[in-house]
Amino acid sequence: MPRQESNRDVIPPDSETPRAQLSSFAQADIEYHLHSQTNLAQHRRRGPLVIVRGDGAYVVDEAGRRYLECMSGLWCASLGFSNERLAAAAKRQIDALPYYHTFNHRSNDVVSKLAEAIVRVVPLKSARVFFANSGSEAIDSMVKFAWYFHTASGNPRKRKVLSREKAFHGSTVMGASLAGLPAMHASFGLPIEGIVRIDCPHFYRYGEIGESEAEYTDRLINNLQTVIDREGADTIAAFIAEPIMGAGGVIVPPVGYFERVQQVLRQHDILLLSDEIVCGFGRTGTWFGCQSFGFEPDMMACAKGLSSGYVPISCVVMSGDIASVIEVRSGLERGFGHGFTYSGHPVAAAVALEALTIYQEMELPAVARRLGARLHERLDGMRSHPMVGEIRGTGLIAGIELVADKAARRPFVSDEEVGAQVEQAMRARGLIIRNMGDVIALCPPYIISDAQIDEMVAGLETALNEVHNRQIANG
Ligand SMILES: Cc1ncc(COP(=O)(O)O)c(C=O)c1O
């Protein structure tokens, strides 16, 4: 396969490639593979981008084209796409013990070490760790643990979960129900009962004219209190939140929001569950997003960066207070009716343990802060661009919201698919980003260089100009 070393002269991705020109991989993909989170009808016409190899911060497609992966895949390949230590850890573990389970008091040496290593970096007191395989499973487990905890504490009526508009918490029945994104519900008959929707904390979009950020936060907190009073605190188990909302559009909450939310929840014995699946393991410039935003969750769910995305593994970390209540109850019930065949899988655990070791050696949160400062400084130069409404993020994650009218903050008509046009224009330049509607997300691996950050931002600016000029030309 020819290897194209430069990522500059790549051929633009073809949106409607004739079937006969597609590779056998692409044809099989269209015929036999039902994709995740994809327009399936469009996929039949458009076909897949088939990635076959990783190389540092780059991925390489079947035609040898190289792309700088500005999203770490799906916010997860924190150490890039060719880390040899992670590969070696997987190989060593497959050779030593490829599978064992954690039911009925069974364990393995690596999962125990991984649990200890996680407990040493999390900000929860006397923490305990439960393992699963995907972010969604961790979210489902975390909600079940909240229910179990309240039942064990004599409050079985505490069942409802407060979740925010635009939240994303996965695709299983509970994860999708918690989502504040209509596409996760339409045609599935979701959400299930007991999910109570609350405000998305996005000042730029929902702050009112003349309202300060502090006044907006007051309003959010009053609304939260009103919802709790309406529903009855004795029926609410938990509040779930991503510190920065990822798939909803990289939404950063207003200053002081989480501290005040936490105060309200504590008054009502409502657990605070942090979805750290995107933010955890350094992304926001601290080990966990809750530390960047000043709150102390009762439990948190982690995945993605936990293994740098190399193998599926996720976990729920809970405070010692919750763990002891659960432990005592399970003793009374002579068992704990929860867990998965692959919970604590030794190969996944070995890779995650190695990833955690590498994060510590590279002094991860500081690296993310330094690279993030460069990213945000470069993005700052684009604030005056006519299509740029808001640039947001902290640490090595950013969202750029594109608008039709900058002064009025008026969004584009969704049919225009401006965000998707920018994504295509960047891909044609060898840069993979993600557009969530008209928000462009950047979440590169921690191994990205300063020069690559500059290349990513310069590519974004060129793509914006190209789409903007097309808009003007089309009137
Ligand atoms: C914040 C958040 N929570 C949960 C999930 C679900 O994770 P998974 O796709 O591994 O089930 C995701 C996935 O992108 C996520 O971004």
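Before any of the text, the structure's been laid out above.
Draft legend 1. Seen up close, the pairing of strand S3 (residues 66–69). Pairing of strand S2 (residues 58–61) with S3 involves three bridges; the strand directions are antiparallel. By the bridge assignment, Tyr58 is partnered in S3 with Leu68. With antiparallel pairing between neighbouring strands as the criterion, S2 and S3 make up a hairpin whose turn holds four residues, including Gly64 at a positive phi of roughly 85 degrees. Relative to strand S13 (residues 431–432), S3 runs parallel, the two sharing two bridges. Bridge pairing in S13 links Leu68 to Leu431.

Draft legend 2. Expanded view of the nonpolar core. Core analysis: the biggest nonpolar cluster contains 135 residues, and Cys315 and Val317 have the highest contact counts within it. Element by element, the count of residues in this core is highest for helix H13 (residues 346–361), at 10 residues. A domain split of this core shows at least three residues from each of domain 1 (63–82 + 364–473) and domain 2 (84–361). Not counting the four nearest positions on each side in its chain, Val317 is found in contact with Ile118, Val122, Leu124, Ala127, Val129, Met299, Met300 and Cys302.

Draft legend 3. View of helix H16 (residues 450–473). The end-to-end C-alpha distance of H16, which contains 24 residues, comes to 35 Å, matching closely the 34 Å that a straight helix rising 1.5 Å per residue would cover. Along H16, the residues classified as buried are Ile453, Met456, Val457, Gly459, Leu460, Ala463, Leu464 and Val467. Next to the buried residues of H16 lie S3, helix H14 (364–380), helix H15 (418–428), S13 and strand S15 (439–442). Backbone geometry just after H16 places Gly475 at a positive phi near 75 degrees.

The rules behind each value
- Residues numbered from 1 in each chain as written.
- Predicted model: local features only at pLDDT ≥ 70, side-chain atom pairs only at ≥ 80, totals over all residues.
- Pairing = 2+ DSSP bridges.
- Helix = DSSP H or I, 4+ residues; strand = E, 2+ residues; numbered from the N terminus.
- Core = buried A, V, L, I, M, F, W, Y, C linked by C-beta atoms within 7 Å.
- Buried ≥ 20, exposed ≤ 12 C-beta atoms within 10 Å, placed from the backbone.
- Domains from an automatic or database assignment.
- Contact = placed C-beta atoms within 7 Å.
- Expected span 1.5 Å × (residues − 1).

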